[in-house]
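Okay, here's what each chain looks like letter by letter:
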Amino acid sequence: MKQTYTIYDNTDLYGQRDEIRLELFDEWASELDWYTPVDVPDKMIDDEIEFRDKMEWEDAQYRLDKLISNGHFLLTGYCGRWNGRCDGGKFINDVDELLTCIQHLDYLSITDVDGHLMIDGYHHDGSDHYELKKLTKKGYEYANNNYFANSRELHNKIFNCNLFSCLPRLANI
């Protein structure tokens, strides 16, 4: 059975509205003279959703930064575009490089599935799916000997060989 650990997920933020409404009602009803959960202002619910999302994103960013600052990585996958799917890959040396690759996503899910770091996202043109793997010492040397070429052949060789890459296991951080 696969172990899936969610690092960050904003794909259903507003699906929590009713739960958050009840939580806010329970917390503030006596102080603000609310009589039913319907009395909770929508703006207050939206502010709470945004606050929680911001806290979860900061935690995810911290964990990603801690992971990536401890090595070199390879991000591979595809980006859904208006004219079809576009496969690609990129060597990642710091968290800013990773965030640049995913900044176009409107909704994002980062999960650790049995140690595999999966990044799924959605935007106006479609959906993206990526996996991030850590380069081993031999993988880094191999990439360096190939000038960190932006070629699918190099990416596939490193990504699919456990001598050149390993699972990042972000859930352990």
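So, here is what we can say about the structure in this document.

Cut-offs and rules
Residues numbered from 1 in each chain as written. Predicted model: local features only at pLDDT ≥ 70, side-chain atom pairs only at ≥ 80, totals over all residues. Heavy atoms only, no water. Axes fitted to C-alpha atoms, helices over the stretch in contact; angles between N-to-C directions. Helix = DSSP H or I, 4+ residues; strand = E, 2+ residues; numbered from the N terminus. Left-handed = near helix turned anticlockwise from the far one by under 90°. Contact = heavy atoms within 4.5 Å. Nonpolar A, V, L, I, M, F, W, Y, C, P; charged D, E, K, R; others polar. 1 Å grid on protein atoms, 1.4 Å probe; cavity = no way out; pocket = protein on both sides within 12 Å on 5 of 7 lines; lining within 4 Å. Points joined across faces, edges and corners; volume = space filled by probe spheres on them. Pairing = 2+ DSSP bridges. Core = buried A, V, L, I, M, F, W, Y, C linked by side-chain atoms within 4.5 Å. Buried < 20%, exposed > 50% of the residue type's maximum accessible area, 1.4 Å probe, protein only.

## Considerations on the packing of helix H1 (residues 17-32) against helix H2 (residues 42-68)
- Taken N-terminus to C-terminus, the directions of H1 and H2 make an angle of 115 degrees; their axes are 10 Å apart at the nearest point. Crossing of H1 against H2: the hand is right-handed. Judged by residue contacts, Arg17, Ile20, Arg21, Glu23, Leu24, Trp28 and Leu32 of H1 engage Asp42, Met44, Ile45, Asp46, Glu48, Ile49 and Arg52 from H2.
- Residue composition of the contact of H1 with H2, grouped by class: seven nonpolar, no polar and seven charged.

## A few points about empty space enclosed by the protein
- The final tally for this structure, using the stated rule, is one cavity of 30 Å³ or more.
- Lining the largest cavity, in full, are Leu13, Gln16, Ile20, Ile49, Arg52, Asp53 and Glu56.
- In terms of residues, the lining of the largest cavity owes the most to one element, H2, which gives four residues.
- Its residues assigned to classes, the lining of the largest cavity comprises three nonpolar, one polar and three charged.

## Observations concerning the pairing of strand S5 (residues 116-123)
- Alignment of strand S4 (residues 107-113) against S5, held across seven bridges, turns out to be antiparallel. Of the residues in S5, the one forming a bridge with valine 113 is histidine 116.
- Alignment of S5 against strand S6 (residues 126-135), held across seven bridges, turns out to be antiparallel. Across the sheet, methionine 118 pairs through a bridge with glutamate 131, a residue of S6.

## Looking at the nonpolar core
- Core analysis: the largest hydrophobic core is formed by 23 residues, its most contacted members being Leu75, Ile92, Leu98, Ile102, Ile110, Ile119 and Leu132.
- Looking at this core, the elements with two or more residues in it are strand S1 (4-9), H2, strand S2 (73-81), helix H3 (95-102), S4, S5 and S6.
- The element best represented in this core is H3, accounting for five residues.
- Those residues in contact with isoleucine 110 that sit more than four places away from it in its chain are Tyr5, Thr6, Ile7, Tyr8, Trp57, Leu64, Leu117, Met118 and Ile119.
- In terms of nonpolar packing, the next biggest core, distinct from the first, is built from nine residues, Ile20, Phe25, Val40 and Ile45 among them.

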